[in-house]
Amino acid sequence: MSLSKLEQRVLDFLQEDPQAEYKVDQIAQRLNYKGTKNYKKLIKALAFLERVGEIQLTPAGKFRPVSQAGSIKGVYRANDKGFGFLSVGEDQPDLFVPRGKNAGAMDGDTVLAKVIKAIDPTTGKGSEAEIVEIIDRKASQLVGEFFAYNQDERAEYQYLGYIKPQGEFSDAVKVLVRPDGIHPADHTICIVKITEYPNKNHPDEMIGIVSKEIGHRDAPGIDILAILYQFGIPHEFPENVVEAAEAVEQTIDPQDLQGRDDLRDQLIITIDGADAKDLDDAISLQKVSDNEYQLGVHIADVSHYVTEGSPIDREAYERGTSVYLTDRVVPMLPQRLSNGICSLHPHEDRLTLTCQMTINKQGKVTNYRLFKSVIQSAYRMTYRDVNAILDGDLALRKEYEEIVEMLDEMAELHQILLQMRKQRGALDFDAPEAKIVVDEEGHPQDIILRQRYTGERLIESFMLIANETVAAHVLQKNYPFLYRIHEQPDEAKMDRFADFITSFGIILRGDTAKIEPKQLQAALKQVKGTEFEQVVSTMMLRSMQQAKYSEEPAGHFGLASEDYTHFTSPIRRYPDLIVHRLLSKYLQKAPSHKEVLALEGNLPGIADHSSKMERRAVDAERETDALKKAEYMVDKVGETFWGTISSITSFGIFVSLPNTVEGLINLKTLTDDYYQFNPHHLLLIGERTGKVYRIGQQVKIEVLGVNVEEREIDFALIEAEPVKVDERLLQVAPKKEKPKGRKVRSTKRGQRRKDFSSRTHQPKKRGRQKQSANRQFKIKRNKRK
């Protein structure tokens with residue numbers, strides 16, 4: 001086959017990394033093939049290469065080379081029931097890996113697999129793969145509980161006992177412990193270094209050496225400490241980092257004030273939770289006229305103390321973020337900085353970076369200034385007191401008389417900014433958030449819902465507008481930078497969401513491939529105040545892309561914001577620290593060509609690592625919450641509660657209680673009928689009775705059992721409030737031959753739904769050229785067919 005020069009160039013580029021996928025405009029940019037005429041030639045070349053089978057167009061509208069070996073590379077995601085999924089690309093559907101087809105791969109391993117059941121290109125469903133080779137093991141060590149063998153067993157097996165690992169492992173998996181390491185006591189939580197991995201002959205066995213004892217399983221705090229080790233989150237600072245932190249002075253050197261605006265005579269306050277210790281943002285406000293406010297957002301100048309390449313900086317980069325686990329915080333920075341010189345304590349001089357904005361009554365920033373400053377916070381306010389003041393508490397309004405007028409004006413400005421965001425289409429996913437109250441030994445005593453009132457929301461509004469202003473400023477300069485992005489939702493996921501909400505009588509208008517935030521906002525407005533408002537909101541959230549950091553300014557879909565970054569939390573987020581470091585450089589002078597090249601080389605890696613560390617922290621926080629919620633429900637077995645159906649699967653019904661505890665009603669326990677699963681609208685439909693269970697339905701349950709180790713809670717259905725569903729959705733498939741006894745369609749008990757609470761989104765304005773280019777190609781391809 002003869003290829004043109006351009007076609008060969010395109011093919012060579014794509015084959016450089018067979019696993020990478022690119023949209024048309026990305027290929028054009030990488031090949032420096034610009035201009036309308038060249039663009040058309042490129043589309044024609046891509047169309048030809050796709051037609052002759054050299055490349056393929058994915059359902060997400062991206063191109064990749066066709067694998068000649070018939071194999072595919074990806075990351076294996078294990079399930080504790082023995083099956084798993086192969087993730088092959090950010091915008092690609094996962095491939096299902098059946099039980100016995102994982103070749104001994106463990107969660108997170110990079111593997112080579114062959115497709116044993118082809119993907120349906122229209123839906124991405126039904127694809128299966130078998131792992132043929134393990135390229136890279138993610139884990140070199142595991143965390144788990146040690147079970148000791150007795151004397152006779154040690155003599156027979158030549159092992160001390162075995163470790164039952166934490167994480168996505170089936171109950172059958174164990175790590176046999178060699179005697180040439182630490183000899184732990186029975187039921188000790190340990191770290192075991194793996195010396196031999198599972199294989200086809202022994203798929204459930206590993207061999208290893210105990211390298212560290214964390215503590216006995218019943219000791220206070222060991223459960224959470226084990227989770228930190230499980231996710232590889234460091235909780236102690238290395239000695240060189242501690243020494244570097246101790247060398248940081250806790251008072252400001254007068255020389256550090258040079259070149260800074262002195263704002264110590266201004267009325268500046270902090271507003272945080274009562275238990276917060278790392279106060280990294282302070283605010284000030286003046287109403288300069290009936291039509292304008294001057295808002296000051298003052299952020300701790302952490303980059304002044306954490307210099308590039310220092311031991312503290314390297315450790316902060318590795319951690320990526322502070323991690324909040326029920327009763328403790330694992331900080332990104334040593335407490336001497338995070339709770340000391342960097343924290344904006346009242347009546348203490350502190351170095352800051354200030355974003356000062358003039359905002360009109362339409363919520364538009366008409367003028368702004370970014371500069372280094374020194375401040376002294378006058379009041380350390382809590383959300384509770386601010387909310388009480390705004391609600392008219394006379395005693396507090398008298399006690400804080402000096403700032404009452406400013407607080408009232410802050411509430412006014414917040415409403416203006418909130419209305420501005422609504423008008424441009426920003427989405428508000430105000431999902432319930434639980435606070436788990438524990439005693440001194442870490443045992444959960446209560447689970448209460450966190451309430452967000454005006455105090456919390458006004459701080460959110462002010463931080464959002466500051467983040468947007470900083471991002472827009474640097475983007476206008478066209479300097480290298482780090483952005484917080486939320487990309488356009490995936491078309492296939494939006495199609496499924498649009499299909500799902502029809503069961504509630506909601507029609508999603510417009511093209512799902514080019515969905516606008518305002519269209520989704522309109523859908524949320526339709527369900528506002530209904531019993532299924534939270535359900536639709538949650539399902540919409542699950543249909544979104546995951547927020548991440550990037551060196552490219554792709555905007556923020558959920559906020560309907562063209563420019564967005566993270567500037568306001570440098571004490572607890574490494575990307576914010578990088579943003580401060582870059583901003584400080586750019587305030588002094590424009591970067592040289594050499595500096596630009598260096599930053600363009602470094603920022604993608606920082607963005608990717610920061611995104612991964614953020615996801616690691618979220619996973620650890622979620623695991624800890626699941627553990628404590630399971631512990632809380634242990635003594636509730638036999639009790640009954642009302643809850644809401646939060647998810648429907650082919651193997652059962654997930655029910656969320658008002659306190660956010662979630663449990664499963666296994667399909668096996670629904671013995672009154674034979675239920676069919678409608679995957680498009682997430683319904684269970686009784687073949688004989690026509691009884692329907694759907695998301696958002698109120699049900700009464702009994703707590704059947706709790707497995708703390710597996711973080712699983714089982715419910716039994718007592719009664720359900722009737723629901724109305726479109727008759728057309730109640731059609732069930734023709735009944736096959738009646739099975740003997742009761743047969744369940746699927747009992748993948750471990751295939752629990754994912755929680756996408758950390759996902760948010762991005763506007764579309766910047767992506768129009770990209771989408772139109774790929775759309776143009778799809779039209780051409782369809783015509784040729």
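These lines cover the structure that appears in this document, whether it is placed above or below. Predicted model, so just to flag it, every value in this text is computed and none were measured.

## A word on the packing of aromatic side chains
One pass over the structure, following the stated rule, counts 14 aromatic pairs. Seen in terms of ring centroids, Tyr 317 and Tyr 574 are 5.7 Å apart; in terms of plane orientation they differ by 75°. Their pairing is edge-to-face. With Tyr 317 in helix H8 (residues 311-319) and Tyr 574 in helix H17 (residues 574-588), this pair connects stretches of sequence that are 257 residues apart. Since its relative accessible area comes to 26%, Tyr 317 is described here as partly exposed. Residue classification places Tyr 574 among the buried residues on the basis of a relative accessible area of 4%.

## What to know about the environment of Arg 319
Turning to its location among the elements, Arg 319 is positioned in helix H8. Relative accessible area serves as the criterion here: at 3%, Arg 319 is assigned to the buried category. For Arg 319 and Ala 617, which are 298 residues apart along the polypeptide, the C-alpha to C-alpha distance reads 9.2 Å. If we ignore the near neighbours within four places in the chain, the residues touching Arg 319 are Pro 234, His 235, Glu 236, Phe 237, Val 330, Pro 331, Met 332, Met 613 and Arg 616. A polar side-chain atom of Arg 319 sits 2.8 Å from the main-chain carbonyl oxygen of Pro 331.

## Describing the nonpolar core
Ile 269, Ile 271 and Phe 462 are the most contacted members of the largest nonpolar core, which has 83 residues in total. Apart from the residues within four sequence positions on either side, Phe 462 is in contact with Ile 283, Leu 295, Val 297, Met 410, Leu 413, His 414 and Leu 417. Ile 447, Ala 523, Phe 532 and Val 703 belong to the second largest nonpolar core, which has 47 residues in total.

## Concerning the pairing of strand S14 (residues 269-272)
Burial along S14 is two-sided: Ile 269 and Ile 271 facing one way and Thr 270 and Asp 272 facing the other are all buried. Inspection of the sheet shows S14 paired to strand S21 (residues 379-382) by 4 bridges, in the parallel sense. Paired with Thr 270 across the strands is Arg 380, a residue of S21.

The rules we used
Residues numbered from 1 in each chain as written. Predicted model: local features only at pLDDT ≥ 70, side-chain atom pairs only at ≥ 80, totals over all residues. Heavy atoms only, no water. Phe/Tyr/Trp six-rings, centres within 6.5 Å; stacked < 30°, edge-to-face > 60°. Helix = DSSP H or I, 4+ residues; strand = E, 2+ residues; numbered from the N terminus. Buried < 20%, exposed > 50% of the residue type's maximum accessible area, 1.4 Å probe, protein only. Contact = heavy atoms within 4.5 Å. Polar contact = N/O pair within 3.5 Å; in protein donor to acceptor, adjacent residues only side chain to side chain. Core = buried A, V, L, I, M, F, W, Y, C linked by side-chain atoms within 4.5 Å. Pairing = 2+ DSSP bridges.

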